[in-house]
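Here is what each chain is made of, one letter per residue.
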Amino acid sequence: MALLLLALLLILLGGTLALLLGRDEKLASWAGAGGAVLGALVGLVPALETLAGGPGTTLRLPWSLPLGGFVIGLDPLSAFFLVVILGLCALAAVYGTGYLRGHGRAGSAWFFFDALMASMALAVVARDAVLFLIAWELMTLSSYFLVVRDDEDESARQAGWTYLIAAHLGTAALLLFFGLLSRQAGSTSFDAFGPLDARLSGLAFLLSLAGFGVKAGFIPLHVWLPEAHPAAPSHVSAVMSGVMIKTGIYGLLRAWIFLGPPPAWWGWTLLGVGAVSGILGVLFALAQHDLKRLLAYHSVENIGIIALGLGVGLLGSAHGLPLVALLGFGGALLHVLNHALFKGLLFLGAGAVLNAAGTRDMEHLGGLLKRMPWTGACFLIASAAICGLPPLNGFVSEFLIFLGAFLAASHGAPWGPVAIGALALIGGLALACFTKAFGVVFLGEPRGERAAKAQEAPWSMRAPMVVLAGLCVLVGLGGALALDWVSPALSQVSGLRLEDFLPALEEALGPLQLITISACFFFLALAGLIALRSSLLAGRERGESGTWDCGYAAPSARMQYTASSFAQPLTELFAPFLCARERSAGPEGLFPERATFATETPDAFRERLYRPAFEGALKAAWKLRWLQHGRIQLYVLYIALTLMALLLWRLG
Amino acid sequence: MSFWVDALIVLVVLTNLRVLGASRLSACIRAVAVQGALLGLLPVLAHLDALTGRLLLQAAASTLLKAVVFPWLLARAVREASIQLEVEPFVGYTASLTAGLLFWGGAFWLGQRLPVPGAEELRLLVPTALFTIFVGLFLIVARRKALTQVLGYLVLENGIYTFGMAFAEKQPLLVELGILLDVFMGVFVMGITLYHISREFDHLDADRLSELRD
Amino acid sequence: MSGLFHLLLALLCAPLLLGVVNRTKALFAGRAGAPLLQPYFDLLKLLQKGAVYSRTTSWVFRAGPLVSLASTAAALTLLPLGGLPALLAFPGDLVLFAGLLGLGRFFTMAAALDTGSAFEGMGASREAWYSVLAEPALLLALAAMAKRSGQLSLSGLYAGLSLETLLAPGGPALLLAAAALALVFLAENSRIPFDDPNTHLELTMVHEVMALDHGGPDLAFIQYGAALKFWALGTLLTGILLPLREASPSLDALAGLCGLLLLAVAVGVVESVIARLRLTKVSDLLASATALAVLALMLARRAP
């Protein structure tokens, strides 16, 4: 426990030092990143210990907060999220030292990064509602300042504004949620919270879903996410997408522990939210050609997959199917880890591309694999992992959710097939999306001048990517070990009795071990084929030529298939769900000079739901304009009248 | 016997999906004809151990009307009024299919909640009937041509007929024949009207009939 | 041991199926056609050649054929053939099967995009489009089988099937699942009506166009991989429609092989009598495959 506090202090100290040393970019980044890495290393010790079966502990500090106390604690669930947060943040910090070089204003960037990291860590270990909300708010604010770091850019300011409003609407729901719980318990301490009666419990569930769902990015609460994530510096995008949105998942899991055994409709709700977020998230992603925006939408998709897992888990435990519950929750928890790994890696890779080629627009990229071999290879691994392809980590978690859904289907439950269909569709669309992202950015010929002159990223940026890629492969190969590793947290979340949990865990571990064996088959076959080809080609002629373009002799880079055209059949098929706009000017006249064609796909919910709603609200507010005269006397009158009314109401 | 009943019911469901997904009028008409024939066969197969004259008569009459007479009338209307062969949907084919699947899910869910007397082997009958009714309504709502609306009514009637089959014991012959006659008259009148409308206006889009409201 | 037997049989006999398809088509067209073993001759010829690579390509292009062949081979270890059990069987192996096929597809598409050719990009784009729609159909059809059998491994799904089960009360559900799988089989193997393996117009090809730039041993790997994929998805289909089970492994193998040969003949017949669908119609057909699978799932009931 003391180590955990020390870790938090180290991180904050690093951030403060960075702010003070802000003039000197090098010193600031040393302080900021050093604090983050040191703090992470120190903090990982108690977290890993707790997850390995150490006793859960709580620490109550004599610092009083208004309405609450400073209580922090570590149990397996907190420890699991803490490991993910600290691990990814440390790697992102190392990356940041390279990424922020020459961008100026390093001090504030590092201060807010460290504050974000510390507040996330504090949020998952807080054991008091007030402390939790404070940490939650700090998290929002520090990430807001990171989003608007590029404050000369109009779109970044806009993104930050959207983010701030969405986050606070979410916090409002959370205030109500914790209010309900603490009214019943008479205290704001997590230990005191207990199950509510059925109706209030349903209300509390919906409030938690709305409040945490905003942070997690469930559709339709996701609108801030595709704006804010791309606007932030890439290592911050990695942290926001990789772990910050997961604090929403942590909150949901923690809330359900308070609320006790779930009724079936919670599971159905989560399943519906997950299916919609997953499918629409990946569809929106498919239609983007801004690399980071595409990745941000994929976070919505992956949160959807996690929600599907949670839904399967909740329904499994509501219907008394312990193995299904374990598989659903296990898949969801592992996907939290896996998504942090591959999405972190993808954003770091996108940052390296942005730094090297100066643009995030995929239509101006291409051929980067030859120019940035390390970044490219890491991006490839992460792309395959996010599509849920074996033998990588994304497959392991999706496999568990699939298995739970298949098990439910074989019991005749109608929700099993819903999850299977949604996951299958998501998987297919993700495959299309990431062949597009990887293929257009890294393969073929560069589509722009800057992409042609791109250089590989420095080692400070490459090393974290290599580590993350290695972890993707390792978790993919050792799926059983990974599940076993999170099993203490899983046991806490799934709400199963130990005598149900242990046999179910054994049953879930078996297939994962066989997947490892199957992966070995695959690698054996691959090695054999590589050897076969090199022995066949040894001593034979190996020619080089241009790409065969079906008889056309002078193909240029601009004739390659673009990202938009690659996605076109699918975006057309699902056009009713997308809000795509086309701008085109066709060739005119006998000697046409130029023709243009551009597509853009803004967020359908933002365009069709929120914009009309907020404009309506603005109009309604405008109607009350007459109240505002700008005369101070009148305002005082308003206050006096309100006070009088309240007094009368209270006494009357 | 249950295999054949199941198989027939599945084929009825498939004809419904076919109607939803077909882009040509002739294919739609053919699918509805096949559906009529299947439904004519169904009560015979379902009650093979207790065949009565009444049952056979009813089956023969409905098969004759639904599988032969109506399709023939409609096909004639298409030919005579030289209606375009495309269905012209308001809702696209893939979307219609998806809607069809949702209807099937809903019908299945509802069917499990409706208490139906009868044998276990007829358990699929009620969902199928509801599904057929939904599809008929959907066709009426989501297709542009007057002819497809007639087809929709036919499918709707098929659904009601199937629904009646679940209660075959209790349903008087007269009711069934009455419904059949209604639809017969309906198709007949509509066939004639269609012909005349098309002569007057050169097209048969039901949504443009609203121009006649004065 | 008999699991290994199926793997060896598949590795050995898969190209024969393509020969049978082509021979059937030739007979329909009134030609004598190439020898049944022509695919083997082609493979041998290609393996003896050198290689030419485009200057645009990177190592991903060279890895494409290898990864897709290796993943298809790994997927084969999960498949039973009639009475022959799979080499590996565990709950959920059907998800791994779909995942391995997906891995192969990912690298095939990446290799196609690596050439920078517009035609290959188009092929990859269409392949992605087809697979998006085929994936739910495949998994939902398998879910229907899982609901019927109460098992979660491919070997378990196919274990209790026989000709009688097809005609039992649950039979229509099985047939619907088989119909969905048949459409998936045709789509994934780039067969008519989804894609024409014989076309020579780059604009109309899907799978073939992605292999345009490959040559020599790489092309041999691609063609061999296609044959293995034909075999793999074919066994899913013949396992339902021709559930023949004999006492001994060798008879089982023979029965399974006969079933696949019949399937190859059927594919040849289909390709001879049906035209390729217009591209915009493909999604309708694949959506109906999903519809069939969902229907099968709703009708499936647990086998006694």
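(A) Here's a closer look at the interface of chain C and chain A. With 76 residues of chain C at the interface, the matching set in chain A holds 70 residues. Carbon and sulfur atoms make up 75% of the surface buried where chain C meets chain A, a total of about 6,200 Å² over both sides. Across the contact surface, chain C and chain A share one salt bridge. With a closest N to O distance of 2.5 Å, R533(A) and D218(C) form a salt bridge. Taken together, the links from chain C to chain A amount to 17 residue pairs in polar contact (both at pLDDT 80 or more). Looking at the side of chain C that touches chain A, the elements with two or more residues in it are β1 (51-54), α3 (59-76), α4 (93-114), α5 (118-149), α10 (216-241) and α12 (279-299) of chain C. It is α5(C) that contributes the most residues to the side of chain C that touches chain A, 19 residues altogether. Here the residues of the side of chain C that touches chain A sort into 46 nonpolar, 19 polar and eleven charged. Direction of pairing for strand β3 (residues 542-545) of chain A relative to β1(C): parallel, over a ladder of four bridges. Note that in β1(C) the partner of R542(A) across the bridge is A51(C).

(B) Inspection of a nonpolar patch on the surface at higher detail. All names here are of chain C. Judged by side-chain polarity, L163, L175, L241, L242, L244 and L262 come together as a nonpolar surface patch covering roughly 470 Å² of accessible area. Along the chain, L241 falls in helix α10. Using a relative accessible area of 37% as the deciding quantity, one classes L241 as partly exposed.

(C) Fine view of the domain arrangement of chain A. According to the domain assignment, chain A consists of domain 1 (266-529), domain 2 (563-587 + 594-600) and domain 3 (604-651). Domain 1 of chain A and domain 3 of chain A are separated by 46 Å when their C-alpha centres are compared.

(D) Summary view of empty space enclosed by the protein. Here the structure, examined in full by the defined rule, presents ten cavities of 30 Å³ or more. Approximately 190 Å³ is the volume attributed to the largest cavity. Elements supplying a minimum of two residues to the lining of the largest cavity: α16 (393-410) and α17 (415-442) of chain A together with α4 and α5 of chain C. The residue inventory of the lining of the largest cavity, partitioned by class, reads eleven nonpolar, six polar and three charged. Each pocket or cavity is described by its volume, and for the second largest cavity that value is around 130 Å³. In terms of lining residues, the second largest cavity is bounded by 16 residues, among which L81(C), G82(C), T235(C), T238(C) and G239(C) are the most central. Taken together, the elements giving at least two residues each to the lining of the second largest cavity come down to α10 and α11 (249-273) of chain C. In terms of residue count, α10(C) provides more of the lining of the second largest cavity than any other element does, four residues in total. When its residues are assigned to classes, the lining of the second largest cavity shows nine nonpolar, six polar and one charged.

(E) Representation of α17(A) within the structure. With 28 residues, α17(A) ought to run about 40 Å at 1.5 Å a step, and its terminal C-alpha atoms sit 39 Å apart, in line with that. Positive phi shows up at G444(A), right after α17(A), with a value of about 75°.

(F) Local environment of the packing of aromatic side chains. According to the stated counting rule, one finds 44 aromatic pairs over all chains in the structure shown. Geometrically, the ring pair formed by F193(A) and F258(A) is edge-to-face, given 5.2 Å between the ring centres and 85° between the ring planes. Here F258(A) lies in helix α10 (residues 246-259) and F193(A) lies in the loop between α6 (154-185) and α7 (198-216), a separation of 65 residues in the sequence. Of the aromatic side chains, those joined through ring pairs into one cluster are F132(A), W136(A), F177(A), F178(A), F190(A), F193(A), F212(A) and F258(A). If you follow K215(A) out to its NZ or CZ, it ends over the ring of W136(A), 5.6 Å from the centre. Stacked on the ring of Y161(B), the Lys or Arg K66(B) has its end atom at 3.7 Å from the ring centre.

(G) Molecular detail of the packing of helix α1 (residues 2-28) of chain C against α11(C). Residue and element names in this part refer to chain C. Two elements in contact, α1 and α11, have axes separated by 8 Å at closest approach and are oriented at 30°. In terms of orientation, α1 lies roughly parallel with respect to α11. Once α1 is placed against α11, the crossing between them reads as right-handed. In terms of residue class, the contact of α1 with α11 is built from 18 nonpolar, five polar and two charged.

(H) The interface of chain C and chain B, seen in detail. With 19 residues of chain C at the interface, the matching set in chain B holds 19 residues. Remark: the boundary between chain C and chain B carries zero salt bridges. Linking chain C to chain B there are one residue pair in polar contact (both at pLDDT 80 or more). Elements with a minimum of two residues in the side of chain C that touches chain B: α7 (163-167), α8 (171-188) and α12 of chain C. It is α12(C) that provides the largest number of residues to the side of chain C that touches chain B, a total of ten residues.

(I) Geometry of unusual backbone geometry. The omega torsion of the bond from P390(A) to P391(A) falls at 0°, within 30 degrees of zero and hence cis. Looking at where P391(A) falls in the secondary structure, it is placed in the loop between α15 (373-386) and α16. One non-glycine residue, S190(C), lies in positive phi territory at about 55°. Relative to the helices and strands, S190(C) resides in the loop between α8 and α9 (207-210). Take S190(C): its relative accessible area is 5%, and that puts it in the buried class.

(J) α12(C), seen in detail. Here α12(C) contains 21 residues, and its C-alpha end-to-end distance of 31 Å stays within 8% of the 30 Å for a straight helix at 1.5 Å per residue. Counting buried positions along α12(C) gives 16 out of 21 residues, so the element sits mostly inside the fold.

(K) Summary view of the side chain of K147(C). With respect to the helices, strands and loops of the structure, K147(C) is situated in helix α5. Residue classification places K147(C) among the buried residues on the basis of a relative accessible area of 17%. Polar side-chain contacts of K147(C) include one of 3.0 Å to the backbone oxygen of L297(C). In contact with K147(C), not counting residues within four places along its chain, are A409(A), S410(A), G412(A), L297(C), M298(C), A300(C), R301(C) and R302(C).

(L) Focus on the confidence of the model for chain B. In this model, chain B carries an average pLDDT of 77, and 71% of its residues clear a pLDDT of 70 or more. Scoring of the predicted complex yields 0.92 for pTM and 0.95 for ipTM.

(M) Geometry of the environment of A146(B). Inspection of the secondary structure assignment puts A146(B) in helix α6 (residues 146-166). The sequence separation of A146(B) and L110(B) amounts to 36 residues, and the corresponding C-alpha distance is 30 Å.

Reading the values: the criteria
Residues numbered from 1 in each chain as written. Chains lettered and ligands numbered in written order. Predicted model: local features only at pLDDT ≥ 70, side-chain atom pairs only at ≥ 80, totals over all residues. Heavy atoms only, no water. Contact = heavy atoms within 4.5 Å. Buried area = accessible area lost by both parts, 1.4 Å probe. Salt bridge = Lys/Arg side-chain N within 4 Å of Asp/Glu carboxyl O. Polar contact = N/O pair within 3.5 Å; in protein donor to acceptor, adjacent residues only side chain to side chain. Helix = DSSP H or I, 4+ residues; strand = E, 2+ residues; numbered from the N terminus. Nonpolar A, V, L, I, M, F, W, Y, C, P; charged D, E, K, R; others polar. Pairing = 2+ DSSP bridges. Patch = residues over 30% accessible without salt bridge, like charges linked within 9 Å, V, L, I, M, F, W, Y side chains within 5 Å. Areas by Shrake-Rupley, 256 points an atom, 1.4 Å probe, with all protein chains shown as cover. Buried < 20%, exposed > 50% of the residue type's maximum accessible area, 1.4 Å probe, protein only. Domains from an automatic or database assignment. 1 Å grid on protein atoms, 1.4 Å probe; cavity = no way out; pocket = protein on both sides within 12 Å on 5 of 7 lines; lining within 4 Å. Points joined across faces, edges and corners; volume = space filled by probe spheres on them. Expected span 1.5 Å × (residues − 1). Phe/Tyr/Trp six-rings, centres within 6.5 Å; stacked < 30°, edge-to-face > 60°. Lys NZ or Arg CZ within 6 Å of the ring centre and 35° of its normal. Axes fitted to C-alpha atoms, helices over the stretch in contact; angles between N-to-C directions. Parallel < 35°, antiparallel > 145°, perpendicular 65-115°, else oblique. Left-handed = near helix turned anticlockwise from the far one by under 90°. pLDDT = per-residue confidence, 0-100.

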